[in-house]
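Fold and contact review
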Amino acid sequence: MLKATDVTWNNHDGTKARGWVIRGAEGAPAVILLHRYGADRSWLLNLAVKLNETTNFTVLWPDLRGHGENPPVSTSLLGAVEGDDATAAIDYLHTLKTPLGKPQVAGPIGLYGVELGAYAALDAARRYPEVRALALDSTPGSPDDLIRAVTIRHTSMNNSILPRLGSWGVRIYSLGKYHNTSSCDLARSLRDVKVVLLTGDEGDPWRASTLALGKCFANGAVEVKKDLTLTGYNLPASTGEQEEAYDRPVIDFFDKALR
């Protein structure tokens with residue numbers, strides 16, 4: 001953690017974003033880590049440190065809007081703008097300079113995301129072709145699916161009315177920014193991106209949508225790791241051994257995909 005620096009930058013809509021960054025080698029690739037809904041950047045601290053130590057890549061991991069302590073943007077839009085926010089984080093990485101004034105990040109970009117973060121990573125990848133590697137964990141089929149899950153989680157009531165009201169509420173609050181583009185449609189728009197999909201066993205609520213996503217990438221270069229005992233969705237509940245077993249394949253994927 002002593003390697004990490006607390007940083008801020010501007011999103012494309014003028015709002016503020018914040019995160020931690022650990023610098024890697026000069027001109028090396030970078031990886032951005034995006035947490036799930038209801039979490040914050042601290043969930044991904046250990047993965048970020050180990051990824052930097054193993055690869056010497058620069059690693060940036062923000063609080064998504066509406067998350068973390070006293071967030072600069074108070075409300076999440078559940079996929080409406082989080083992908084664009086991820087591209088703003090990429091733009092921020094390109095402003096980083098070494099002590100000699102050279103670009104800190106000159107290589108390709110990798111994105112890791114869990115649930116809301118996974119959808120944001122997909123959306124960012126179709127916007128910025130410099131994204132060359134995606135590690136997607138517990139990916140929802142669409143923002144509406146995520147709203148449905150979040151509504152049920154908050155109310156402990158599983159009926160058809162509340163999720164619909166939640167979706168309408170987000171649409172109204174987002175002032176026309178909300179879109180319900182499916183994860184599959186986002187995946188179909190990508191070319192030459194290496195992908196690993198991560199999902200848990202039969203009890204994982206996002207298992208079916210994550211496995212279905214594997215058929216949507218046009219180039220077909222998709223690695224699927226299913227039936228994991230631990231996913232990024234429940235990292236804080238893990239033991240050190242379980243966490244290492246999860247982190248290592250993610251780190252190895254980026255190490256190979258971005259070289």
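A few points on the structure. Here the structure is a predicted model, which means the values were calculated and not measured.

The rules behind each value
- Residues numbered from 1 in each chain as written.
- Predicted model: local features only at pLDDT ≥ 70, side-chain atom pairs only at ≥ 80, totals over all residues.
- Heavy atoms only, no water.
- Helix = DSSP H or I, 4+ residues; strand = E, 2+ residues; numbered from the N terminus.
- Buried < 20%, exposed > 50% of the residue type's maximum accessible area, 1.4 Å probe, protein only.
- Contact = heavy atoms within 4.5 Å.
- Areas by Shrake-Rupley, 256 points an atom, 1.4 Å probe, with all protein chains shown as cover.
- Pairing = 2+ DSSP bridges.
- Axes fitted to C-alpha atoms, helices over the stretch in contact; angles between N-to-C directions.
- Right-handed = clockwise from strand over helix to strand, strands pointing away.
- Expected span 1.5 Å × (residues − 1).
- Left-handed = near helix turned anticlockwise from the far one by under 90°.
- Nonpolar A, V, L, I, M, F, W, Y, C, P; charged D, E, K, R; others polar.
- Disulfide = S-S within 2.5 Å.

**Describing the overall build of the protein chain**
Helix and strand counts for the protein chain stand at 8 helices and 8 strands. Residue burial in the protein chain is summarised as follows: out of 259 residues, 53% are buried. Expressed as a percentage of contacts within the protein chain between residues at least 6 apart in sequence, the contacts between residues at least 24 apart total 73%. With the model as given, the accessible surface of the protein chain reaches about 11,300 Å², and the carbon-plus-sulfur share is 53%.

**Remarks on the sheet that holds strand 4 (residues 58–62)**
One open sheet accounts for 8 strands, arranged 1-2-4-3-5-6-7-8; its pairing is mixed. Only two strands of the sheet have a single partner each, and these edge strands are strand 1 (5–10) and strand 8 (222–228). Across this sheet, the average inter-strand angle for adjacent strands is 20°, counted without regard to direction. Examined bridge by bridge, strand 2 (residues 16–22) and strand 4 share 4 bridges and lie antiparallel to one another. Looking at the pairing, Ile 22 lines up with Val 59 of strand 4. With respect to the sheet, helix 3 (residues 116–127) is in contact with strand 3 (28–34), strand 5 (105–114) and strand 6 (131–137), its orientation differing from that of strand 6 by roughly 160°.

**A few points about the pairing of strand 3**
Judged by how many residues are buried, strand 3 sits mostly within the fold: 7 of 7 residues are covered. Alignment of strand 3 against strand 5, held across 6 bridges, turns out to be parallel. What sits directly across from Leu 33, in strand 5, is Tyr 112. Bridge count between strand 3 and strand 4: 3 bridges; the pairing is parallel. Along strand 4, the bridge assignment pairs Val 31 with Val 59. Each parallel crossover has a hand, and for strand 3 linked through helix 1 (residues 45–55) to strand 4 it is right-handed.

**Considerations on helix 3**
Over its 12 residues, helix 3 runs 17 Å from end to end, which matches the ideal 16 Å to within 8%, given 1.5 Å per residue. Leu 116, Gly 117, Ala 118, Tyr 119, Ala 120, Ala 121, Leu 122, Asp 123, Ala 124 and Ala 125 are the residues of helix 3 that are buried.

**As for the packing of helix 2 (residues 82–93) against helix 3**
It is the contact of helix 2 with helix 3, at a shortest axis distance of 7 Å, that shows an interaxial angle of 65°. Between helix 2 and helix 3 lies a crossing of right-handed hand. Along the contact surface, helix 2 presents Glu 82, Gly 83, Asp 84, Ala 86 and Thr 87, while helix 3 presents Leu 116, Ala 120, Asp 123, Ala 124 and Arg 127. For the contact of helix 2 with helix 3, the per-class residue count stands at 4 nonpolar, 2 polar and 4 charged.

**Some remarks on unusual backbone geometry**
At Asn 70, a position not held by glycine, the phi torsion is positive, near 50°. As for its placement among the helices and strands, Asn 70 is situated in the loop between strand 4 and helix 2. Phi angles above zero are rare outside glycine, and Asp 192 is one such case at about 55°. For Asp 192, the location among the structural elements is in the loop between helix 6 (183–188) and strand 7 (194–200). With a relative accessible area of 55%, Asp 192 lands in the exposed category.

**Overview of the side chain of Asp 123**
If you trace the backbone, Asp 123 turns up in helix 3. Contacts of Asp 123, omitting those with residues within four sequence positions, involve Gly 79, Gly 83, Asp 84, His 179 and Leu 186.

**A few points about the side chain of Asp 247**
Secondary-structure assignment places Asp 247 in helix 8 (residues 240–257). Residue class for Asp 247 comes out buried when judged on its relative accessible area of 1%. Beyond its immediate stretch of four places on either side in the chain, Asp 247 contacts Leu 47 and Lys 50.

**Quick word on the state of the cysteines**
Applying the stated rule across the entire model yields 1 disulfide. Here Cys 184 connects covalently by a disulfide to Cys 216, the sulfurs 1.9 Å from one another. The sign of the S-S torsion, about -100°, decides the handedness of the disulfide formed by Cys 184 and Cys 216: left-handed. In this pair, Cys 184 sits in helix 6 while Cys 216 sits in the loop between helix 7 (207–213) and strand 8, placing the two residues 32 residues apart along the sequence. Here Cys 184 and Cys 216 have matching classes, each one buried.

No statement about biological role is implied by the geometric values presented.
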